[in-house]
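As a plain string of letters, each chain reads:
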Amino acid sequence: MNHQKADEIYMQAALDQAQQALDAGEFPVGCVIAGPGGVIAGGGRSRSRQQRPSEIDHAEINTLKQFYELPYTGDPRQLSIYATLEPCLMCFAAILIAGIGRIVYAYEDVMGGGTACKIDNLPPLYRDAGVRVVSNMMRRQSLDLFSRFFSDPENTYLCHSMLAAYTLAQKPGGRPSLFPRE
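Residues numbered from 1 in each chain as written. Predicted model: local features only at pLDDT ≥ 70, side-chain atom pairs only at ≥ 80, totals over all residues. Heavy atoms only, no water.

## Some thoughts on the overall build of the protein chain
Part 1: A tally of regular secondary structure across the protein chain gives six helices and five strands.
Part 2: Taken against the 2.2 N^0.38 rule, which gives 16 Å for 182 residues, the C-alpha radius of gyration of the protein chain at 16 Å falls within 12% of a compact globule.
Part 3: In the form shown here, the protein chain has an accessible surface area of approximately 9200 Å², with 53% of it arising from carbon and sulfur atoms.
Part 4: Distance between charge centroids for the protein chain: 2 Å, based on 17 positive and 19 negative side chains. (Helix = DSSP H or I, 4+ residues; strand = E, 2+ residues; numbered from the N terminus. Rg over C-alpha atoms; globule rule 2.2 N^0.38 Å. Areas by Shrake-Rupley, 256 points an atom, 1.4 Å probe, with all protein chains shown as cover. Lys, Arg positive; Asp, Glu negative; His and termini not counted. Charge placed at Lys NZ, Arg CZ, Asp CG, Glu CD.)

## Details of the pattern of salt bridges
Part 1: Tallying each qualifying case throughout the model produces six salt bridges.
Part 2: We note a salt bridge from arginine 47 to aspartate 57, for which the minimum N-O separation is 2.8 Å. Residue arginine 47 is located in the loop between strand 2 (38-44) and helix 2 (59-68), and its partner aspartate 57 is located in the loop between strand 2 and helix 2; the two are separated by 10 residues in the primary sequence.
Part 3: The class of aspartate 57 is buried, set by a relative accessible area of 9%. (Salt bridge = Lys/Arg side-chain N within 4 Å of Asp/Glu carboxyl O. Buried < 20%, exposed > 50% of the residue type's maximum accessible area, 1.4 Å probe, protein only.)

## Some remarks on the UniProt feature "domain: CMP/dCMP-type deaminase" (unreviewed entry) in the protein chain
Part 1: UniProt's entry tags residues 5-133 with the feature "domain: CMP/dCMP-type deaminase" (unreviewed entry), counted in the numbering of this structure.
Part 2: Helix and strand shares over residues 5-133 are 33% and 21% respectively, and the end C-alpha atoms of the span are 17 Å apart. (UniProt positions renumbered as here; feature names shortened; annotations may be inferred.)

## Remarks on the pairing of strand 1 (residues 30-35)
Part 1: Most of strand 1 is tucked away: six of the six residues are buried.
Part 2: Judged by which residues are buried, strand 1 turns out to be covered on both faces: Gly30, Val32 and Ala34 on one side and Cys31, Ile33 and Gly35 on the other are all buried.
Part 3: Relative to strand 2, strand 1 runs antiparallel, the two sharing six bridges. What sits directly across from isoleucine 33, in strand 2, is alanine 41.
Part 4: Hairpin geometry of strand 1 and strand 2 is characterised by an intervening segment of two residues between the two adjacent antiparallel strands.
Part 5: Where strand 1 meets strand 3 (residues 80-85), four bridges bridge the pair, whose relative direction is antiparallel. (Pairing = 2+ DSSP bridges.)

## Concerning the side chain of glutamate 108
Part 1: As for its placement among the helices and strands, glutamate 108 is situated in the loop between strand 4 (102-107) and helix 4 (124-127).
Part 2: Engagement of the side chain of glutamate 108 in a polar contact is seen with the side chain of tyrosine 166, the distance being 2.4 Å.
Part 3: The contact partners of glutamate 108, leaving out residues within four places of it in the chain, are Leu85, Glu86, Asn136, Arg139, Leu163 and Tyr166. (Polar contact = N/O pair within 3.5 Å; in protein donor to acceptor, adjacent residues only side chain to side chain. Contact = heavy atoms within 4.5 Å.)

## Observations concerning the environment of glycine 38
Part 1: Locating glycine 38 in the fold gives a position in strand 2.
Part 2: Note: C-alpha distance between glycine 38 and leucine 79 (41 residues apart in sequence) is 9.7 Å.
Part 3: Once residues lying within four places of it in the same chain are set aside, the contact partners of glycine 38 are Tyr10 and Ile33.

## What to know about the nonpolar core
Part 1: The biggest cluster of nonpolar side chains holds 43 residues, and the ones touching the most others in it are Met11, Phe27, Tyr82, Ile100 and Phe150.
Part 2: At the level of elements, helix 1 (3-23), strand 1, helix 2, strand 3, helix 3 (89-98), strand 4, helix 5 (139-151) and helix 6 (162-169) are the ones that each hand at least two residues to this core.
Part 3: The greatest single-element share of this core, amounting to eight residues, is contributed by helix 1.
Part 4: Beyond its immediate stretch of four places on either side in the chain, isoleucine 100 contacts Ile33, Leu64, Pro76, Arg77, Leu79, Ser80, Ile81, Ile95 and Val131. (Core = buried A, V, L, I, M, F, W, Y, C linked by side-chain atoms within 4.5 Å.)

Shown next as structure tokens:
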């Protein structure tokens with residue numbers, strides 16, 4: 001199977017995780033870790049719906065936790081992590097420390113994405129990780145999930161954020177307001 005086809009299959013698995021999160025009323029981010037043998041671990045965003053949302057229960061962190069509970073003995077540089085939203089700085093750093101070789105994401109996080117940071121300026125632990133980043137894999141499908149989330153008045157998490165405004169402005173008839181629900 002070629003890289004493009006594998007990337008589409010594994011991103012669809014991440015999108016499925018994001019759909020499960022959305023169905024549970026959570027912020028629709030999904031993530032999987034995959035290698036030559038298929039999906040190894042997966043998870044979605046959790047605890048975003050609480051009165052005081054958790055800012056550490058990101059899909060990537062939940063997936064990495066699951067990964068570390070498995071008896072995986074292979075080289076993590078041969079693995080890819082697929083996320084429906086560009087990893088934030090916290091998740092990006094965790095992925096670098098984990099030694100995973102590739103990050104593939106669907107939708108850019110204009111508000112908090114971490115993959116655009118200048119890795120050459122970071123300490124050796126991060127700078128020398130050698131990760132490759134692939135963006136915009138199945139972007140439209142991820143954008144659709146975020147559009148649905150931000151369009152639902154029941155979902156209040158990040159509803160007045162730059163990400164919400166950016167997302168809703170891309171919908172046909174979307175409102176480009178920075179605060180879309182005012």
